[in-house]
Amino acid sequence: MRPDPLIPSLGVVTAIRTDTPDVKTFRVMGLDGKKPFAHIPGQCAMLSMPGVGEALFSITSSPTEDYLDFSIKKCGCVTDWLHAMEEGQQITIRGPYGNGFPVDTDFVGKDLLFIAGGIGLAPLHSVINYCRAHRQAYGKIDIVYGSRSKADLVDFPEIESVWCQESGISVHLTIDNPEPDWDGHVGFVPNYVKELAFSRDKTVIVCGPPIMIKFTLAALMDLGFSREQVYTTMELRMKCALGKCGRCNIGDKYVCKDGPVFRFDQLDELPDEY
């Protein structure tokens, strides 16, 4: 496939996995059977079908894997069409876009705390699996993940059978309300973060609904973390991904060109509209 990120290339959906009632994971390969392009954790790609539309999605798979995965929530015209796809159908793809997480610089040698809510796990999945593949480069890894219910936990089988079983990785799951077959923690993610009372020597990566991020950041501040320690991704603000449409402009920044990954102290320098 052509490496130019401005030019859509044909790909094929080789596998579709149902994760939750409204989330499916799509595996996309080139027509030549190879990975469409290389990426770094936190980058995005544009998926489209002529006559239907196109939309930007986080790349869920790690750069260490030989395929591209996208965990996509059904929530609109393009996603409705994607969820109706069958394996073997073709799709157009272009990318990668945006700047990823500093996994090979700022994160190296650090203890990492990942905090995700709902489909917010999708952008962090790539980062977590990249850190797992280069385990010796990082310290202890903690993962806090919550959703409305057990059925809404994205990638739950992998979390339970792989992440939870690895040395040096601690997984803390929570759901919003009690359920008969759930014996884990019950409660919202920000409150659970405060209950866990993590030490302040961690680098934090958080992603989820805006209200969850807001209260999680407040919880981290109450625990003594600084905003310089906390990263997030704002890919939901991205539209064209090329810096042309201006719809992701905030102050003197374009989310698609300067992000979507930012530290919260960097966001503090921008207008309040974010």
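This structure is a prediction, so every number in the text was calculated from the model and none was measured.

## Concerning helix α4 (residues 189–196)
Stage number 1. Among all positions of α4, only V189, P190, Y192 and V193 are buried. Buried residues of α4 fall within an arc of 160° about the axis and therefore sit on the same side.
Stage number 2. Structurally, α4 contributes buried residues whose contacts are with β7 (111–117), β8 (141–147), β9 (169–175), β10 (185–186) and α5 (210–222).
Stage number 3. Looking at the residues trailing α4, positive phi occurs at A197, about 50°.

## What to know about the side chain of S58
Stage number 1. Structurally, the position occupied by S58 is in strand β4 (residues 53–58).
Stage number 2. Residue S58 is classed as buried on the basis of its relative accessible area of 9%.
Stage number 3. A polar side-chain atom of S58 sits 3.4 Å from a polar atom in the side chain of E235.

## Digging into the pairing of strand β6 (residues 90–97)
Stage number 1. Across the 8 residues of β6, 6 count as buried, placing the element largely inside the fold.
Stage number 2. Note: strand β1 (residues 9–20) against β6, 4 bridges, orientation antiparallel. Considered in β6, the bridge of L10 is made with T92.

## Quick notes on the environment of G139
Stage number 1. Here G139 shows up in the loop between α2 (121–133) and β8.
Stage number 2. As a C-alpha pair, G139 and G109 span 30 residues in sequence and 5.8 Å in three-dimensional space.
Stage number 3. The residues contacting G139, other than those within four sequence positions of it, are G109, K110 and D111.

The rules we used
Residues numbered from 1 in each chain as written. Predicted model: local features only at pLDDT ≥ 70, side-chain atom pairs only at ≥ 80, totals over all residues. Heavy atoms only, no water. Buried < 20%, exposed > 50% of the residue type's maximum accessible area, 1.4 Å probe, protein only. Helix = DSSP H or I, 4+ residues; strand = E, 2+ residues; numbered from the N terminus. Arc of directions from axis to C-beta. Contact = heavy atoms within 4.5 Å. Polar contact = N/O pair within 3.5 Å; in protein donor to acceptor, adjacent residues only side chain to side chain. Pairing = 2+ DSSP bridges.

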